[in-house]
Amino acid sequence: MTPESIVIAGAGLAGATAARTLRAEGYAGKITIAGTEQHHPYLRPPLSKEYLLGKAGEDAVEVAPEGWYADNNVGLLLGNPVASVDPAAHSVRFADGAVQSYGALLLAPGASPRRLPVPGAELDGVSTFRTIEDSRRLREQLASGGRNVVLIGSGWIGMELAAAASTYGNRVTLLGLEDIPLATAIGPDLGSFFRTLHEDNGVRFRLPAAAREITGESGKATAVVTDTGEHLPADIVVIAVGVVPETSLAAAAGLEVSNGILTDASLRTSAPDVFAAGDAANALHPFTGEHHRSEHWSNALNGGKVAAKAMLGQDAVLDVVPYFYTDQFDVSMEYSGFPSLAAKSAPVIRGSLESKEFVAFWQQEGRVVAGMNVNWPRSAKPGAQKTIKALVSARTAVPAEQLADESVPFDRLLSEFS
Ligand SMILES: Cc1cc2nc3c(=O)[nH]c(=O)nc-3n(C[C@H](O)[C@H](O)[C@H](O)COP(=O)(O)OP(=O)(O)OC[C@H]3O[C@@H](n4cnc5c(N)ncnc54)[C@H](O)[C@@H]3O)c2cc1C
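Cut-offs used in this document
Residues numbered from 1 in each chain as written. Predicted model: local features only at pLDDT ≥ 70, side-chain atom pairs only at ≥ 80, totals over all residues. Heavy atoms only, no water. Helix = DSSP H or I, 4+ residues; strand = E, 2+ residues; numbered from the N terminus. Rg over C-alpha atoms; globule rule 2.2 N^0.38 Å. Buried < 20%, exposed > 50% of the residue type's maximum accessible area, 1.4 Å probe, protein only. Contact = heavy atoms within 4.5 Å. Areas by Shrake-Rupley, 256 points an atom, 1.4 Å probe, with all protein chains shown as cover. Lys, Arg positive; Asp, Glu negative; His and termini not counted. Charge placed at Lys NZ, Arg CZ, Asp CG, Glu CD. Near = heavy atom within 4 Å. Polar contact = N/O pair within 3.5 Å; in protein donor to acceptor, adjacent residues only side chain to side chain. Phe/Tyr/Trp six-rings, centres within 6.5 Å; stacked < 30°, edge-to-face > 60°. Pairing = 2+ DSSP bridges. Axes fitted to C-alpha atoms, helices over the stretch in contact; angles between N-to-C directions. 1 Å grid on protein atoms, 1.4 Å probe; cavity = no way out; pocket = protein on both sides within 12 Å on 5 of 7 lines; lining within 4 Å. Points joined across faces, edges and corners; volume = space filled by probe spheres on them. Nonpolar A, V, L, I, M, F, W, Y, C, P; charged D, E, K, R; others polar. Domains from an automatic or database assignment. Salt bridge = Lys/Arg side-chain N within 4 Å of Asp/Glu carboxyl O.

What follows covers the overall build of the protein. Helices and strands together make up the secondary structure of the protein, namely eleven helices and 26 strands. For the protein, the C-alpha radius of gyration of 22 Å lies close to 22 Å, the compact-globule estimate for 418 residues. Seen along its three principal axes, the alpha-carbon backbone of the protein occupies a region of about 65 × 55 × 35 Å. Within the protein, buried positions represent 52% of all 418 residues. A separation of at least 24 residues holds for 61% of the contacts in the protein among residues at least 6 apart in sequence. Surface accessibility of the protein: about 17700 Å² in total, with carbon and sulfur atoms responsible for 49%. In the protein, the 34 positive side-chain charges and the 47 negative ones have mean positions that sit 1 Å from each other.

Let's shift gears to the site of the ligand. Close contacts around the ligand come from 33 residues, with Glu37, Arg44, Lys49, Arg130 and Asp279 the closest. Ala34 places a polar main-chain atom, nitrogen or oxygen, 3.4 Å from a nitrogen atom of the ligand. Between the ligand and Glu37 there is a distance of 2.6 Å, counted from an oxygen atom to a side-chain nitrogen or oxygen. Taken by itself the ligand offers 1000 Å² of open surface, and the protein chains cover 93% of this. Where the shell around the ligand is concerned, the elements lending two or more residues are α1 (13-24), β2 (30-35), α4 (156-167), α7 (297-311) and β22 (323-328).

This part is about helix α3 (residues 132-142). Along α3, the residues that are buried comprise Ile132, Asp134, Ser135, Leu138, Gln141 and Leu142. On its buried side, α3 packs onto β10 (148-152), α4 and β16 (236-239).

Looking now at the environment of Thr173. Mapped onto the secondary structure, Thr173 falls in strand β11 (residues 171-175). When its relative accessible area of 3% is taken as the criterion, Thr173 is described as buried. Residues Thr173 and Asp327 lie 154 residues apart in sequence; the distance between their C-alpha atoms is 19 Å. Contact partners of Thr173, with chain neighbours within four places excluded, come to Val149, Val150, Leu151, Arg204, Arg206 and Leu232.

In this section: the packing of aromatic side chains. The relative placement of two aromatic rings is captured by the distance of their centres and the angle of their planes. According to the stated counting rule, one finds twelve aromatic pairs in the structure shown. An angle of 10 degrees between the planes, with centres 4.7 Å apart, marks the rings of Phe287 and Phe338 as stacked. Taken together, the positions of Phe287 in the loop between β20 (281-285) and β21 (290-292) and Phe338 in the loop between β23 (331-337) and α8 (339-342) put the pair 51 residues apart, joining distant regions of the chain. On the accessibility criterion, Phe338 (0% relative accessible area) is buried. Between Trp297 and Tyr325, the ring centres sit 6.0 Å apart and the planes meet at 85 degrees, which makes this aromatic pair edge-to-face. Of this pair, Trp297 sits in helix α7 while Tyr325 sits in strand β22, placing them 28 residues apart in sequence.

Strand order in the open sheet made by the five strands is β22-β23-β26-β25-β24, with antiparallel pairing throughout. The open sheet has two edge strands, β22 and β24 (348-352), and neither has a second partner. When strand polarity is set aside, the average angle formed by the axes of neighbouring strands in this sheet is 15 degrees. Of the strand pairs in this sheet, strand β25 (residues 357-364) and strand β26 (residues 367-374) are connected by seven bridges, and their pairing is antiparallel. Within the sheet, the bridge partner assigned to Trp362 lies in β26 and is Ala370.

Before going further, it helps to examine the side chain of Arg130. Note on placement: Arg130 falls in the loop between β9 (126-127) and α3. Among residues more than four places away in sequence, those in contact with Arg130 are Tyr42, Arg44, Leu47, Ala111, Pro113, Val243 and Asp279.

Our next topic: the sheet that holds strand β18 (residues 261-263). Pairing between the strands of a sheet is mediated by backbone hydrogen bonds and can be parallel or antiparallel. Reading across the sheet, the three strands line up as β18-β20-β21 and stay open at both edges, with mixed pairing between neighbours. The sheet terminates laterally at β18 and β21, the two strands that pair on one side only. Taking the axes of each pair of neighbouring strands and ignoring which way they run, one obtains an average angle of 30 degrees across the sheet. In terms of strand pairing, β18 meets β20 through three bridges, oriented parallel.

Another point: empty space enclosed by the protein. Scanning all chains against the criterion turns up one cavity of 30 Å³ or more. Of the volumes computed, that of the largest cavity is approximately 40 Å³. Lining the largest cavity are Leu267, Ala277, Gly278, Ala281, Ala283, His292, Arg293, Ser294, Asn299, Gly303 and Leu318. Mapped by element, the contributors of at least two residues to the lining of the largest cavity are β20 and α7. For the lining of the largest cavity, the per-class residue count stands at five nonpolar, five polar and one charged.

Segmenting the protein into domains produces domain 1 (5-112 + 245-311), domain 2 (126-241) and domain 3 (330-417). On a C-alpha basis, the centres of domain 1 and domain 2 stand 31 Å from each other. On the side of domain 2, 15 residues touch domain 1, which itself brings 16 residues to the contact. Counting across the interface, domain 1 meets domain 2 through three salt bridges. Notably, a salt bridge pairs Arg130 with Asp279, separated by 3.0 Å at the nearest N-O pair. At the boundary of domain 1 with domain 2, the tally comes to 13 residue pairs in polar contact (both at pLDDT 80 or more). For the side of domain 1 that touches domain 2, the residue count by class is eight nonpolar, three polar and five charged.

Here's what the structure looks like:
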């Protein structure tokens, strides 16, 4: 049965993509998107890359042109989030007190930056990084160069911000709990590749090191003190220590929550007619038979599409091979596959890390479970990303020598092993 009206809690990529998909599928009923932020739905990846670097403007971050929502009769309640859900009554209450019933509800509230409980975290010059305002403010702070910048957190966001801050000519120090940055995500060799890239561009690392305190004068940050007692001068401090999925709304409504809002592969939650997508959803993935929560752009995009189709009663499942990308200095990287399956194996490399042009394949019992292409020519046909995804989906064992051998073209790998 097609629902008469649909409410979407979360005006981000997953929520806006769901609305666009609903209209593209011919849904003519009422759609309401409620969001916490005052902005039309926007993309976050450019915030720590080209938007922060001033290479892309506002249009590069829009999920849809501003006029699309009115033109398509989609109600957008900005700055008026969903405050509570009553699954039995099939209704939501917005922050302004208004109550609205729904035939189907999509929860797409994203995630929030994890806070760091250290003294001084409230000083001027210290911030987390998630929103377009965070990016604008940091750009203003960084743009003239010459400042002392300390990044706390050696994950993807910390590394991207370090690259941007250094590109603007600031003195950048990055500290994190790992021995090697990104090692938990991509292993020690490739984590070291990114560390070298940053060091070659002037970024200093303190690893492993924890921030013990942020000191200041007249309310402004002046230094980060590490657990070894080192004082790192700091005018600007960004805390980038991961995110926490927004589950409070779902939990208060009695939905099943565990590392995110639990869903089946069609993104249905434990409550009838309530779906979840994006960073907040922990969805059953048909490939592994396990739940996966992904904090990446393509998961929000594909999840928004699948949730919309599932809300319309179509047979849709989120079964795509996970994907994300990063740009740091002169390195463009794309990763496709299942980090949880890749975690234990060392990658097979095609190309060379020294030339900054390579593809890394991770295998489990001979099958490719993940791959990462770095600066691999985008003109290559078939592309590295497409090849990796096809090999992962095929679940066929591939000899490591053939993965590493550049004289074996990708189309041969695909014809023999997918
Ligand atoms: C700086 C940055 C860089 C990134 N770079 C990359 C990258 O290079 N590659 C990549 O793959 N991924 C990247 N990501 C991750 C990617 O942006 C996220 O996975 C994606 O934004 C998730 O989309 P979402 O719609 O689930 O959540 P969000 O984009 O967070 O949107 C959710 C929205 O819902 C709002 N909300 C919360 N609670 C409620 C409520 N109760 N009612 C209504 N609204 C609510 C939130 O305020 C938010 O505006 C990056 C993220 C950040 C922050």
